[in-house]
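# Coordinate inspection notes
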Amino acid sequence: MALIEPNRIVASSLDNFLIVANNHYIKRPFVDFKFHSSGFETDLVFSDAADAENYSLTINGKPDNPISYQTFNTNGSVYQCVLNFIECLKLNNIVYNVSLMSTDTVRAYLDTSINYSITSSNSAVTIIDAFSTYKVGSFNKIVLNLRTDIGEFNLEKYVADTQIPFKITSIFDSLNIFSPCQVNMMCYSVYENNVELITLNNSQITVMPTTLTKFEEVNYDDYYIEQSISEVKKFLTDRKNPSYNYGEVYAISVLTDYPVESIDLVKKYYTNSGMFLTQEKGELYKEANGRRIDLYDRFDLDNVENTYNHQVGYVEIVAVNAYGTELTESLRFDINPKCNDNYTIYFLNKIGGVDSYNFTSTYSKDMSVKDNNTYYRNNLRSWDREYVIENVRKKQVETTHTYTTSHINNEECEYLNELQRSKYCYVINEETFVKYIIIVDKFDIEYTSDDKQNELTIEFYVSDENKDY
């Protein structure tokens with residue numbers, strides 16, 4: 001069976017191991033040396049029964065010996081004698097590990113590739129374990145099968161150990177996946193031409209498309225909303241204090257087992273002083289991507305301000321189910337002055353949710369024509385040695401888009417580094433919500449001595465599959 005199970009939801013960019021118990025492991029060869037006295041002299045002989053040349057190593061123990069790979073000191077108490085012997089064994093190639101079992105007993109783990117016979121010339125040291133003569137066993141194969149929406153993968157190891165670790169997210173870290181990936185796992189061993197199933201207590205996991213560093217952690221129990229548990233969780237973002245520009249279409253995600261039609265956004269409008277104005281329910285567009293639901297919406301600021309004759313200072317959003325029960329902590333958006341256009345990029349954040357950022361300063365577009373020539377050799381007739389070199393000439397228009405932020409602080413700069421590392425960036429058609437994948441070509445942050453005066457410029461072009469953007 002599996003000794004250690006992964007969490008139900010894991011990050012693709014972090015180390016997530018499934019550790020499987022191997023019932024047909026090769027027992028590691030070891031020998032126990034028990035010391036009955038000190039001040040003696042003895043020869044401990046290690047010989048290789050499988051070696052035609054009769055290889056052997058003799059370790060001599062006697063008073064006043066130096067510590068080397070062939071000698072140790074038996075002066076002092078039995079305990080001191082044991083410690084001297086341990087230091088001697090550490091210098092040997094035939095011993096890969098050594099343990100102090102008690103004040104008079106040493107356990108030495110031997111090289112598994114050799115069949116050793118070990119003898120002692122003095123009864124002051126006895127060899128008390130059955131592995132003093134050891135024969136190497138056969139390896140077996142452990143197979144971990146992963147079945148996913150994007151394909152089937154097999155991880156295999158030929159092993160001899162008792163516990164076998166499989167890094168189950170290593171495959172997904174290198175894949176450019178957009179949605180959380182449902183993974184069904186099955187494990188078995190192959191030993192002496194027999195197959196044995198290995199029971200996994202947790203055979204289904206969800207792998208999130210993340211870009212977390214090895215020094216970061218995420219607990220998806222803080223985000224995962226379950227229908228069967230009445231507990232408020234977080235939106236699938238780590239962004240703090242987002243701002244909002246009039247007319248902007250923002251994106252936010254929740255991680256849940258609710259169907260997409262049962263999740264909505266509730267938006268609560270407040271003045272700068274905190275006076276509540278009104279709330280509304282709904283969103284422009286929502287879609288399910290695995291266990292993640294992505295919601296796109298625009299705040300109706302003009303209508304609220306005209307109706308209540310107050311300027312909106314901030315809006316708080318929460319996700320609710322079909323009964324209006326709040327499922328998430330509220331997320332506050334501070335409203336920017338009504339003076340800028342909207343140039344929004346959408347991307348997967350580092351914990352696997354969809355986020356958006358509005359570049360409210362400037363936008364420019366540069367179009368260039370590239371003339372590509374492709375040459376290839378064409379074999380016209382199989383019975384002839386003549387080849388024709390063909391040239392295919394293609395003119396291609398490439399458009400580079402440049403977005404620039406207004407002045408931003410260091411916290412926002414750090415957050416936008418997620419956009420640079422993101423596995424999936426895109427822009428959308430705000431009428432149809434069609435996604436256009438983009439390739440970020442340049443990402444420059446200009447820092448200043450004033451924390452709030454930084455500026456970011458990003459250049460990107462639309463991928464080949466979305467040239468109609």
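Residues numbered from 1 in each chain as written. Predicted model: local features only at pLDDT ≥ 70, side-chain atom pairs only at ≥ 80, totals over all residues. Heavy atoms only, no water.

### Some points on the environment of aspartate 32
Examined against the element boundaries, aspartate 32 turns out to sit in strand 4 (residues 30-35). In this structure aspartate 32 comes out as buried when scored by relative accessible area, which is 7%. Residues aspartate 32 and methionine 101, spaced 69 residues apart in sequence, show a C-alpha to C-alpha distance of 8.7 Å. Here the side chain of aspartate 32 touches arginine 107 through a polar contact of 2.8 Å, side chain to side chain. (Helix = DSSP H or I, 4+ residues; strand = E, 2+ residues; numbered from the N terminus. Buried < 20%, exposed > 50% of the residue type's maximum accessible area, 1.4 Å probe, protein only. Polar contact = N/O pair within 3.5 Å; in protein donor to acceptor, adjacent residues only side chain to side chain.)

### Describing a nonpolar patch on the surface
A contiguous nonpolar patch, built from Ile67, Tyr69 and Leu91 and spanning about 290 Å² of accessible area, is present on the exposed surface. Topologically, isoleucine 67 is positioned in the loop between strand 6 (56-62) and strand 7 (71-73). On the basis of relative accessibility, which here comes to 40%, the residue isoleucine 67 falls in the partly exposed class. (Patch = residues over 30% accessible without salt bridge, like charges linked within 9 Å, V, L, I, M, F, W, Y side chains within 5 Å. Areas by Shrake-Rupley, 256 points an atom, 1.4 Å probe, with all protein chains shown as cover. Salt bridge = Lys/Arg side-chain N within 4 Å of Asp/Glu carboxyl O.)

### Some words on the sheet that holds strand 8 (residues 95-102)
Hydrogen bonds along the backbone pair up the strands of a sheet, which may run parallel or antiparallel. Spatial strand order, 8-9-4-11: four strands in an open sheet with antiparallel pairing. Strands at the two margins of the open sheet, each flanked by one partner only, are strand 8 and strand 11 (125-127). Each adjacent strand pair in this sheet contributes to an overall mean axis angle of 25°, direction not counted. Two strands pair when backbone bridges link them, and strand 4 and strand 11 are joined in this way by three bridges, in the antiparallel orientation. (Pairing = 2+ DSSP bridges. Axes fitted to C-alpha atoms, helices over the stretch in contact; angles between N-to-C directions.)

### Let's talk about the sheet that holds strand 5 (residues 42-48)
Within the open sheet, the four strands sit side by side as 7-6-5-10. Their pairing is mixed. Taken across any chain shown, the strands that pair with only one partner, and hence form the sheet edges, are strand 7 and strand 10 (116-120). This sheet shows a mean twist of 15° between the axes of neighbouring strands, independent of strand direction. Of the pairings in the sheet, the one linking strand 6 to strand 7 comprises three bridges and is parallel in character. Each bridged residue has a counterpart across the sheet, and for glycine 61 the counterpart in strand 7 is phenylalanine 72. Relative to the sheet, helix 1 (residues 78-90) contacts strand 5, strand 6 and strand 7, its axis offset from that of strand 7 by approximately 160°. (Contact = heavy atoms within 4.5 Å.)

### Describing the environment of lysine 141
Note on placement: lysine 141 falls in strand 12 (residues 140-148). The spacing of lysine 141 and valine 190 is 49 residues in sequence and 5.0 Å in space, taken between C-alpha atoms. Apart from the residues lying within four places of it in its own chain, the contact partners of lysine 141 are Glu156, Lys157, Tyr158, Tyr188, Ser189 and Val190.

### Some words on empty space enclosed by the protein
In total, this model carries one cavity of 30 Å³ or more according to the counting rule given. A volume near 60 Å³ is recorded for the largest cavity. Lining the largest cavity are Thr237, Arg239, Pro242, Tyr250, Ala251, Ile252, Leu331, Phe333, Asp355 and Ser356. Per-element accounting of the lining of the largest cavity gives the leading share, three residues, to strand 20 (residues 250-256). A per-class count over the lining of the largest cavity returns six nonpolar, two polar and two charged. (1 Å grid on protein atoms, 1.4 Å probe; cavity = no way out; pocket = protein on both sides within 12 Å on 5 of 7 lines; lining within 4 Å. Points joined across faces, edges and corners; volume = space filled by probe spheres on them. Nonpolar A, V, L, I, M, F, W, Y, C, P; charged D, E, K, R; others polar.)

### Observations regarding the pattern of salt bridges
For the coordinates displayed, the defined rule picks out 18 salt bridges. A salt bridge links lysine 350 to glutamate 216; the nearest nitrogen and oxygen atoms lie 2.5 Å apart. You can see lysine 350 sitting in the loop between strand 27 (344-348) and strand 28 (354-358) and its partner glutamate 216 sitting in the loop between strand 17 (204-208) and strand 18 (224-225), a full 134 residues away along the chain. Connected through salt bridges with shared partners, the residues Arg8, Asp221 and Glu226 form a single ionic network.

### A short note on the side chain of glutamate 283
Locating glutamate 283 in the fold gives a position in the loop between strand 22 (276-281) and strand 23 (285-289). Residue class for glutamate 283 comes out buried when judged on its relative accessible area of 19%. Setting aside residues no more than four positions away along its own chain, glutamate 283 makes contact with Ile263, Asp264, Leu265, Lys267, Leu295, Tyr296 and Asp297.

### With respect to the packing of aromatic side chains
Taken as a whole, this structure holds 28 aromatic pairs when the rule is applied. Seen from their ring centres, phenylalanine 178 and tyrosine 424 are 4.3 Å apart, and the 40° between their planes marks the pair as tilted. Of this pair, phenylalanine 178 sits in the loop between helix 2 (170-173) and strand 15 (181-191) while tyrosine 424 sits in the loop between helix 4 (410-421) and strand 31 (425-428), placing them 246 residues apart in sequence. For the pair phenylalanine 178 and tyrosine 424, a shared accessibility class is recorded, and that class is buried. Among the aromatic side chains, those forming a connected cluster through ring pairs are Phe178, Tyr285, Tyr296, Tyr346, Tyr424, Tyr426 and Phe433. Over the ring of phenylalanine 30 we find arginine 107; its NZ or CZ atom is 4.0 Å from the centre of that ring. Sitting over the ring of phenylalanine 166, lysine 157 keeps its end group 5.3 Å from the ring centre. (Phe/Tyr/Trp six-rings, centres within 6.5 Å; stacked < 30°, edge-to-face > 60°. Lys NZ or Arg CZ within 6 Å of the ring centre and 35° of its normal.)

### Some remarks on unusual backbone geometry
Glycine aside, residues mostly have negative phi angles, and peptide bonds mostly take the trans form. Despite not being glycine, glutamate 192 has its phi angle at roughly 50°, a positive value. Within the secondary structure, glutamate 192 is located in the loop between strand 15 and strand 16 (194-198). Taking relative accessible area as the criterion, glutamate 192 reaches 57% and is therefore assigned exposed.

### Topic: the environment of proline 165
Looking at the secondary structure, you find proline 165 in strand 14 (residues 163-167). We classify proline 165 as partly exposed; its relative accessible area is 35%. Sequence separation of proline 165 and leucine 18 is 147 residues, and the distance between their C-alpha atoms is 5.7 Å. In contact with proline 165, other than residues within four places in its own chain, are Phe17, Leu18, Ile19 and Lys157.

### Regarding helix 4
Over its 12 residues, helix 4 runs 17 Å from end to end, which matches the ideal 16 Å to within 8%, given 1.5 Å per residue. Buried within helix 4 we find Glu412, Cys413, Tyr415, Leu416, Asn417, Glu418 and Leu419. As for helix 4, its buried residues are in contact with strand 27, strand 28, strand 31, strand 32 (435-446) and strand 33 (455-462). (Expected span 1.5 Å × (residues − 1).)

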